[in-house]
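Coordinate analysis (summary)
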Amino acid sequence: MDDGSYCKMFDSVFTLVFQNYQPDVIVVQCGADGLAGDPHGGFNLTPASLSHCVNKVAKSGPPVLVLGGGGYNIPNTVRCWVRVTADLLDFDLPQDIPDSDPYFLEYGPDFTFSVTPSNIKNPNTDEELKEILTVLQQNLDKMNENVPMEPA
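Residues take numbers from 1 onward in each chain, read along the sequence in its written order. Residues qualify for local features only when their pLDDT is at least 70, as the model is predicted, and side-chain atom pairs are given and counted only at 80 or more; totals for whole chains, interfaces and linings, by contrast, use all residues. Working from all heavy atoms in the structure, the side-chain values ignore hydrogens and water.

Once that is clear, we can look at the packing of aromatic side chains. Pairing of aromatic rings covers Phe, Tyr and the six-membered ring of Trp, with a centre-to-centre limit of 6.5 Å; geometry is then stacked below 30 degrees between planes, edge-to-face above 60, and tilted otherwise. Taken as a whole and judged by the stated rule, the model has four aromatic pairs. A centroid spacing of 6.1 Å and a plane angle of 65 degrees characterise the contact between Tyr 6 and Phe 43, whose relative ring orientation is edge-to-face. Here Tyr 6 is found in helix 1 (residues 3–21), whereas its partner Phe 43 is found in the loop between strand 1 (26–30) and helix 2 (47–58), with 37 residues between them in sequence. Here Tyr 6 falls in the partly exposed class, since its relative accessible area comes to 23%. Between the aromatic rings of Phe 10 and Phe 14, the centroid separation amounts to 5.7 Å while the plane-to-plane angle is 10 degrees, which identifies the pairing as stacked. Within this pair, Phe 10 and its partner Phe 14 are both found in helix 1, separated by four residues, close to a single helical turn. The rings of Phe 10, Phe 14 and Phe 18 are connected pair by pair, giving a single aromatic cluster. The secondary structure listing takes helices from DSSP runs of H or I that are at least 4 residues long and strands from runs of E that are at least 2 residues long, numbered from the N terminus. To sort residues, take the accessible area from a 1.4 Å probe on protein chains only and compare it with the maximum for the residue type: under 20% means buried, over 50% means exposed, and anything in between is partly exposed.

Given below as structure tokens:
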């Protein structure tokens, strides 16, 4: 899964779920194991895509609590959380990690806040992703049929 496909799917899924449930508050757990370079994740994401998703949620209206989460490539996980936090605060993050950081050497070889995706091919086709969205919509429709509406 690459950034483009992930953001496209997230935008569609979030819109469907948000419209169906209309939450009063949202808790976002920012797992980072989908980042490129994570030994346990199977995705090829960068912090930019995860930040896009968190910002979409944050701008949806209800109060949002953002929590850090898993990631097994610690330097990339930190890069991700820093990017998400900076974007939420509309803070212009410098490209380079400050050399005063006590863990500076962990961020080599480029010592920047960016995470470079690998050259792994995204096996997900547009047709497959569209089918997933169709099934999700059908499942939400079934759930709505079985849930009594609260009186106004």
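On we go.
We now examine helix 1. Expected helix span is computed as 1.5 Å times (number of residues minus one). If you check helix 1, its first and last C-alpha atoms are 26 Å apart, about what 19 residues at 1.5 Å a residue would give, namely 27 Å. Among the residues of helix 1, those classed as buried are Ser 5, Cys 7, Met 9, Phe 14 and Leu 16. Should any heavy atoms of two residues lie within 4.5 Å, those residues are counted as being in contact. Those residues of helix 1 that are buried lie in contact with strand 1, helix 2 and helix 4 (126–146). Looking one or two places after helix 1, you find Gln 22, whose phi comes out positive at around 40 degrees.

For the rest of this paragraph, the subject is the pairing of strand 2 (residues 64–68). Two strands pair when backbone bridges link them, and strand 1 and strand 2 are joined in this way by five bridges, in the parallel orientation. By the bridge assignment, Val 28 is partnered in strand 2 with Val 66. Two strands form a pair only when DSSP identifies at least two bridges running between them.

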